[in-house]
Structure formats: structure tokens, C-alpha cells
Amino acid sequence: KNELMHKLTMIALKAAVQGAQAIMKVYEKDDFEVRFKNDNSPLTEADVNSHLAIERILVDTEIPVLSEEGDEVSYDTRKLWTKLWLVDPLDGTKEFVKRTGEFTVNIALVEDNYPVLGVVLAPALNMVYWGDADGAYKSTLHKKWLKHSPMEVITDLDPVKLGKSEVCRFTAVASVSHFSPEDANYAKLLQELKGDIDTVSVGSSLKMCLVADGKAHLYPRLGSTMEWDTAAGQAVIEAAGGSLLCWHTKDRMGYNRHDLTNGWFLAASKGVDANDYWLISHHEEGEE
């Protein structure tokens, strides 16, 4: 089983590099078109090109692909899938448009409703994180990775194992583009509980990578996300010994649900028990 997992991790890494290369071609242009989807979220040609590049590679595994930029698939069809790829070809499009560099490619393999492997690649930061049954790792991408074939890029990775906390003060992660009143209230309660805390703000799935990497203890998300936003990050966090729990069930976040919108969640790094941090927020989820 591990050998197959290793093979699928390699394929996911290759697909992420291919998607990232497609993104950077657009990112390096002086100008690119930004359209808006029905939910008012931005969409660029980078999102679409990355989706097509990733799908071309993953389709060969004969495992169905559910991508933010792909076709909608009815739950009646999806519920029969025991395995699927969950893909966000460009997570953090707002950061991409603002050119902050804090955007990622997310690819996760979900098996029996839980992520078993995940890849999060931040092309503008030249960083990739991944996790599977063998543990969680990060690597810098070598300088000329945009010019090389995905296979060469992967062969050149220099993996560093994740999971050991290096931060002394209690550190929580906050979203850059989506900080809600609930989040602000939670941060206040956390401060009361822990005394002085540090907060780091970063875009996209990089928040989950900070938790996996032990650079932050906690990432509370008191707002909605989609399954493809979190599955890869959750796989990396869990492979590093941490957890990502659903606020509603107080249990591991599951995937390929009828409703692809995630509720609130709490991600905790290795050695931190998320159950110590269900701080009661004035606006409990679902209450107005």
C-alpha cells in the first residue's frame, strides 16, 4: 500500500508543479484579465490553465477528479466514489491578483472520506509542502524550476521533515483576506486564555502549512471554506502529527460530503490538543 501511496504522491507533486508552471506564466505578464464568478470570487486565466494542466496528469490515475474549476458533479455520482482527487488549481486568487505571492496549488487524495495525501505548492515563494503515510515534508524549489520538466523538479527536491515546533510563544494564524468578526472575537478569547500570543497573517493554504511546520500552534477558521481549500492542507497537518477538526462535530474534517462547503474548523499543530481551544464565541456557528 505504501508503494502505491508513494507513486500517487509523486504523481500529485508532478501535477502540482505542472499547474504551478502554468500559473507563473500568467503571473509574470504585465497584465491579466480578472473575471468574477457568481459568488463574486475572482477568476483568472491562471486558475483555468492550472486546472487543465493538473487534470491532464491526474486523469491517468483513473481516480475521479473534483476541482474548483472543473465540472460540477452531482452528489448521487460522487457518493459512489471511494477515492477522489480534490483540487484547487489556484488557492488565494485574491492574493494572486494583488501579487502578494501568497497563493498555492492544492491537490489532495481523499479515500473513504478522509485525505490520505496532500500537496500544497506556493509557486511565487518557491516552496512545496506534502504529506502522506510516510510523514510530512517541505522543500524549496531550485532556482530554475520554471524552466525544467516537472519530473526534473521533483527529482531535485530536498525534503525537510515537518512537525517539530520551533516557536516559543503561543502563535495563532489569521487569514489575510477573510478575517470575520467571529475570528476577531475568538482571537480576543484566545488572548484571555493564553496571555500574550503572537499572530501571523498569511494567504491561502499557507496557513495550514505553518501549522504543519510547527511555526504556529493553532489556526481557527470561523468562516466558510470549500472542501478543495482544506483537504491538501489537512493531509499535510495530519501527516505532521497535527489535527484539523470540524467545529460542529469536534472530529476530523471529512470530505466528499453532500454539501462541499466546510463549516468552521480548528487546525492544531503536533502536541497541541485542539479540544483545549473550543472557545465559546459570541456568535456560535449558524446562529445570527
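Read on for a plain summary of the structure. Note on numbering: residues in each chain are counted from 1, in written sequence order. Local features in this predicted model are restricted to residues whose pLDDT is 70 or higher, and side-chain atom pairs enter the listing and the counts only when it is 80 or higher, whereas totals over whole chains, interfaces and linings include all residues. For side-chain calculations, the full set of non-hydrogen atoms in the structure is used, while hydrogens and water are omitted.

Considerations on the environment of Ser-74
Phase 1 of the analysis: Here Ser-74 is to be found in the loop between β3 (65-67) and α3 (75-78).
Phase 2 of the analysis: Between the alpha carbons of Ser-74 and Val-48 there is a distance of 21 Å; along the sequence they are 26 residues apart. Labels follow the DSSP assignment, with helices taken as runs of H or I lasting at least four residues and strands as runs of E lasting at least two, numbered in each case from the N terminus.

With respect to the packing of helix α1 (residues 2-27) against helix α2 (residues 45-58)
Phase 1 of the analysis: To obtain an axis, a line is fitted to C-alpha atoms, over the contacting stretch when the element is a helix, and the angle between two such axes runs from 0 to 180 degrees between their N-to-C directions. Contact geometry of α1 with α2 gives a least axis separation of 8 Å together with a crossing angle of 155°. As summarised for this structure, α1 and α2 are arranged roughly antiparallel, according to the angle between their axes. Between α1 and α2 the crossing geometry is right-handed. Contacts from Ile-11, Lys-14, Ala-15, Gln-18, Gly-19, Ala-22, Ile-23 and Val-26 of α1 reach α2 at Glu-45, Ala-46, Asn-49, Ser-50, Ala-53, Ile-54, Ile-57 and Leu-58. Between 65 and 115 degrees an angle is taken as roughly perpendicular, under 35 as roughly parallel, over 145 as roughly antiparallel, and anywhere else as oblique. For a crossing to be left-handed, the near helix must be turned anticlockwise from the far one by less than a right angle; the clockwise case is right-handed. Residues count as neighbours in contact if any of their non-hydrogen atoms are within 4.5 Å of one another.

Side note on the sheet that holds strand β8 (residues 135-140)
Phase 1 of the analysis: Between any two strands, pairing holds if DSSP finds at least two bridges. Taking strand neighbours across the sheet as the criterion, the seven strands line up as β3-β4-β5-β6-β7-β8-β9 in an open arrangement whose pairing is mixed. Both outer strands of the open sheet, β3 and β9 (160-161), are each paired with one neighbouring strand and no more.
Phase 2 of the analysis: As paired strands, β8 and β9 are joined by two bridges and run antiparallel to one another. Looking at the pairing, Tyr-137 lines up with Lys-161 of β9.
Phase 3 of the analysis: Where α1 meets the sheet, its contacts fall on β4 (83-91), β5 (104-111), β6 (114-122) and β7 (127-132), and the angle it forms with β6 comes to roughly 35°.
Phase 4 of the analysis: Set on the sheet, α2 makes contact with β3, β4 and β5; between it and β4 the angle comes to about 150°.

Overview of α2
Phase 1 of the analysis: Multiplying 1.5 Å by the residue count of a helix minus one yields the expected span of that helix. Spanning 14 residues, α2 covers 20 Å between terminal C-alpha atoms, matching the ideal 20 Å at 1.5 Å per step.
Phase 2 of the analysis: Residues Ala-46, Asp-47, Ser-50, His-51, Ala-53, Ile-54, Ile-57 and Leu-58 constitute the buried set of α2.
Phase 3 of the analysis: Elements in contact with the buried residues of α2: α1, β2 (42-44), β3, β4, α4 (93-98) and β5. For every residue, the accessible area (1.4 Å probe, protein chains only) is compared with the maximum for its type, and the residue is labelled buried under 20%, exposed over 50%, or partly exposed between those bounds.

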